[in-house]
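Next come the chains, spelled out residue by residue.
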Amino acid sequence: MRAERLRTTGGYLWRNGEGALIRGAHRYVDAVASRRAVWVESHGGDGTPGLVYAGLREGVHLTLPFLEQRRGSPPDVTRTSSSRPWNRLSAEAAGTDADLVVAGYDTRRTRHLPRSRSLTLPFRVSLVVTLREGTDLLQHVSRKDRQQFARQQRDGRWSLEEATAEADFAYFYDRMHLPTMRTRHGDGARSEDRAVAHAEIFRKGVLLFLRQSGERVVGALCRIEPADRTLVLRLVGVADGDPARYRGGTYTAMFLHVLRWAARHGMSRVDLGGCEPFLSKGTFQFKRKFHPEVVLPGNHFHHKRLRLTVVRDSEPVRRFLVENPVIALDARNRLRPVYFHDGRRPARTDLPWRTAGLASAVHLDLDTFLHPDGPSPLLPGGVTPPATRFAQQ
C-alpha cells in the first residue's frame, strides 16, 4: 500500500508539482539523464517542410506531434530517431537536410543552440483565470455565448452535477475521458493513469458533470490546491468521445460552470491547463475566450524552452510559419505573439492573441528574418533589423 501511494503521489507531484524544490530536482535529473540530446527527423508528404525535433525527450511526445499535425503530415509519417551531443546541436542543426529544427532545452543549455534565423519559445504556456469578487463570469465570453448560455439555463437544459461516488469516477474515466483522448489524439493520446487520476485528482478535488436535458454530456475532473486556493482543471471528456458534443455551446457551458463552481467555493484562480506556444493551437484559441492570463508553467516546464530555427528558406517553410504564429520570448523575457508574413502571404491575424500576460504583437517580415546574415531580433543580444516591422496592436 505504501509503495502504491508513493508511486501515485510521487509520480503526480513529479509531473505536475510546482515550486522551486521540484523544479530544481527536475533540472538536476535532466542534467544527469540527458547526457545526449534526442534527435528525431520527421518527413511528411511532398510540399511539406522536413522537421527535426532535438533536445529534451518529452518533446518527442508533446511538441513533435503538434508540429506534424500542423504541417499536414500523412498518416504514415516517417520518423528516424537517434541522438546528438548537446554541444553539437548548433552545428548539427546547420548541417541537417531538414527545413526546420525545433530544440527543447533547459535554459542552462542556451549556449549550445542556434541563433541565426531563430526564435525562443516557452516549452509550454499555462492559461489561468483569476476570480475577482463581484466579477460577472459571463463577461468572460462573447455575447453570442452569453446569450446561448442564458437561454439554455432558462430552459433548464443545462445543469451542473457535483459527483462523489466511485461509480461516478469510473463512468467519467471510462465513458468520457478515455474515449475523448482516443478520438482527439489516437495513438498519441496521453493522460494520467487510472490509479493516479483516482488518488490524486478525484480524492483531492472535485468531479463535475454538465447535464443537458438530464443526460451527462461533459465531465471535468479537477484538483484543488488549497495552499493558493486554485482549482486545476486536469482531465476532461465528452460522453463516448463524441465530437458532436463540442458543438452547440456545450463545451463552453462546461467551462463557465467550472468557473462559477470555483467562485462559489472560494477559489481565487482556475488553472485551465497548458498547451503548445502557438496561436494556431485550438486549445489556446478556445480557452482564450475565458480571458485567462498566459503565464509560464509553475511546474518543471518553467525553465524549459523551445528554440525554433529555420535551416533553409522554402515555400513550405514560409507557408508553415505564416499559418502558425508563435508565442515567443523576447530579449526582456516577455511573452509576445509573433506573426510571420511576406510579400505574398499576409499575417494570420484571424488567429487573435489578445489576452493578459502577452505583450504587444510582433509582425516579422520573413524576407528579413530568413536572410542568411540576419540576426534574430527577439533573442537576447539580437539587433532588430531595420526592415522588420513591429506592429504594436
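Residues numbered from 1 in each chain as written. Predicted model: local features only at pLDDT ≥ 70, side-chain atom pairs only at ≥ 80, totals over all residues. Heavy atoms only, no water.

In the annotation of an unreviewed UniProt entry, the entry for the chain reads GNAT family N-acetyltransferase, and the organism field reads Streptomyces griseoaurantiacus.

A. Seen up close, the side chain of arginine 117. By secondary structure assignment, the location of arginine 117 is in the loop between β4 (100–106) and β5 (118–122). The buried charged residue arginine 117 lacks any salt bridge, with aspartate 313 as its nearest oppositely charged partner at 5.7 Å. At 3.0 Å, the side chain of arginine 117 and the backbone oxygen of leucine 370 are in polar contact. (Helix = DSSP H or I, 4+ residues; strand = E, 2+ residues; numbered from the N terminus. Buried < 20%, exposed > 50% of the residue type's maximum accessible area, 1.4 Å probe, protein only. Lys, Arg positive; Asp, Glu negative; His and termini not counted. Salt bridge = Lys/Arg side-chain N within 4 Å of Asp/Glu carboxyl O. Polar contact = N/O pair within 3.5 Å; in protein donor to acceptor, adjacent residues only side chain to side chain.)

B. Structural view of the pattern of salt bridges. All told, the structure shown has 30 salt bridges when counted by the stated rule. With a shortest N-O distance of 2.6 Å, lysine 304 and glutamate 58 are connected by a salt bridge. Here lysine 304 is found in strand β13 (residues 304–310), whereas its partner glutamate 58 is found in the loop between β2 (51–55) and α3 (59–71), with 246 residues between them in sequence. Side by side, lysine 304 and glutamate 58 carry an identical accessibility label, which is buried. Of the charged contacts in the structure, one is a salt bridge between aspartate 174 and arginine 194, with a shortest N-O distance of 2.6 Å. Of this pair, aspartate 174 sits in helix α6 (residues 166–185) while arginine 194 sits in helix α7 (residues 194–202), placing them 20 residues apart in sequence. On the accessibility criterion, aspartate 174 (36% relative accessible area) is partly exposed. Relative accessible area serves as the criterion here: at 35%, arginine 194 is assigned to the partly exposed category. Residues joined in a network through salt bridges with shared partners are Asp313, Glu315, Arg318, Asp342, Arg344, Arg345 and Asp367.

C. Seen up close, the pairing of strand β16 (residues 362–365). Side-chain alternation along β16 places Val362 and Leu364 on one buried face and His363 and Asp365 on a second face that is also buried. Note that strand β15 (residues 335–341) and β16 share four bridges and pair parallel. Looking at the pairing, tyrosine 339 lines up with histidine 363 of β16. (Pairing = 2+ DSSP bridges.)

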